[in-house]
Structures are given as C-alpha cells and as structure tokens.
Amino acid sequence: MSQISAERTRTLSQNLVELLTSYEEELMALEREAPTIGKLRRAVGIAIAEACFLITDQASQADWAPPTDGPSRRTG
C-alpha cells in the first residue's frame, strides 16, 4: 500500500471509529431496555475493532489479499 493510501486508510478508519462509537453508546443504552439490540451492538463493536486494527496496522495491502497459490484450506 502506498504511503498516501495507507494514510488515507487510517484517516477513514479514524472517522469510522468516531462515528460508530457514538452509535455504540446509544445501542448500549437501548440494550438495557431491549436485549435483542445486543446483536446489533456487537456488530457495531466488531466494526469498531476492525477499524482500529486498520488504524494501527503497518502491513502492506498484500497481507489483506487472499492467497493466490490455490484454494484456501478450511480448518476445523
């Protein structure tokens, strides 16, 4: 990933975290009244975690690409 592209990714990820954090806080409050909101809150939390990972990740874009040496193997 080029330096400009990496910086742009970090900036977009930081914006996403800021945006989703306020939604997650509201969802936590709603979850107290309606426990079924928990699934949505967890999904938002996962999106926040993934964005945080992108912010701190120093790896190249190639690390995000699927393997090209044949079909992937499933474990388990």
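A brief structural summary. (Residues numbered from 1 in each chain as written. Predicted model: local features only at pLDDT ≥ 70, side-chain atom pairs only at ≥ 80, totals over all residues. Heavy atoms only, no water.)

**Some thoughts on the pattern of salt bridges**
Enumeration over the complete set of coordinates arrives at two salt bridges. In this structure, glutamate 7 engages arginine 10 in a salt bridge whose closest nitrogen and oxygen atoms are separated by 3.2 Å. Of the two residues, glutamate 7 and arginine 10 both sit in helix 1 (residues 3-33), three residues apart, roughly one turn of that helix. Of the residues examined, glutamate 7 reaches a relative accessible area of 38% and is grouped as partly exposed. (Salt bridge = Lys/Arg side-chain N within 4 Å of Asp/Glu carboxyl O. Helix = DSSP H or I, 4+ residues; strand = E, 2+ residues; numbered from the N terminus. Buried < 20%, exposed > 50% of the residue type's maximum accessible area, 1.4 Å probe, protein only.)

**Regarding the side chain of glutamate 24**
Along the chain, glutamate 24 falls in helix 1. Lacking a salt bridge, the buried glutamate 24 has arginine 41 as its closest oppositely charged neighbour, with an N-O distance of 4.4 Å. In this view, glutamate 24 contacts Arg41, Val44, Gly45 and Ile48; residues no more than four positions away in its chain are not counted. (Lys, Arg positive; Asp, Glu negative; His and termini not counted. Contact = heavy atoms within 4.5 Å.)

**Notes on a nonpolar patch on the surface**
A grouping of Leu16, Leu19 and Tyr23 is seen on the molecular surface, where their side chains present a nonpolar patch of about 290 Å² in accessible area. Take tyrosine 23: it is sitting in helix 1. By relative accessible area, which is 49% here, tyrosine 23 ends up partly exposed. (Patch = residues over 30% accessible without salt bridge, like charges linked within 9 Å, V, L, I, M, F, W, Y side chains within 5 Å. Areas by Shrake-Rupley, 256 points an atom, 1.4 Å probe, with all protein chains shown as cover.)

**Focus: the environment of glutamate 7**
Separated by 48 residues in the primary sequence, glutamate 7 and isoleucine 55 have C-alpha atoms spaced 8.8 Å apart. Within the structure, glutamate 7 has its side chain in polar contact with the side chain of arginine 10 (distance 3.2 Å). (Polar contact = N/O pair within 3.5 Å; in protein donor to acceptor, adjacent residues only side chain to side chain.)

**Concerning the environment of asparagine 15**
Turning to its location among the elements, asparagine 15 is positioned in helix 1. For asparagine 15, a relative accessible area of 41% gives the class partly exposed. For the pair asparagine 15 and alanine 51, spaced 36 residues apart in the sequence, the C-alpha separation amounts to 9.2 Å.

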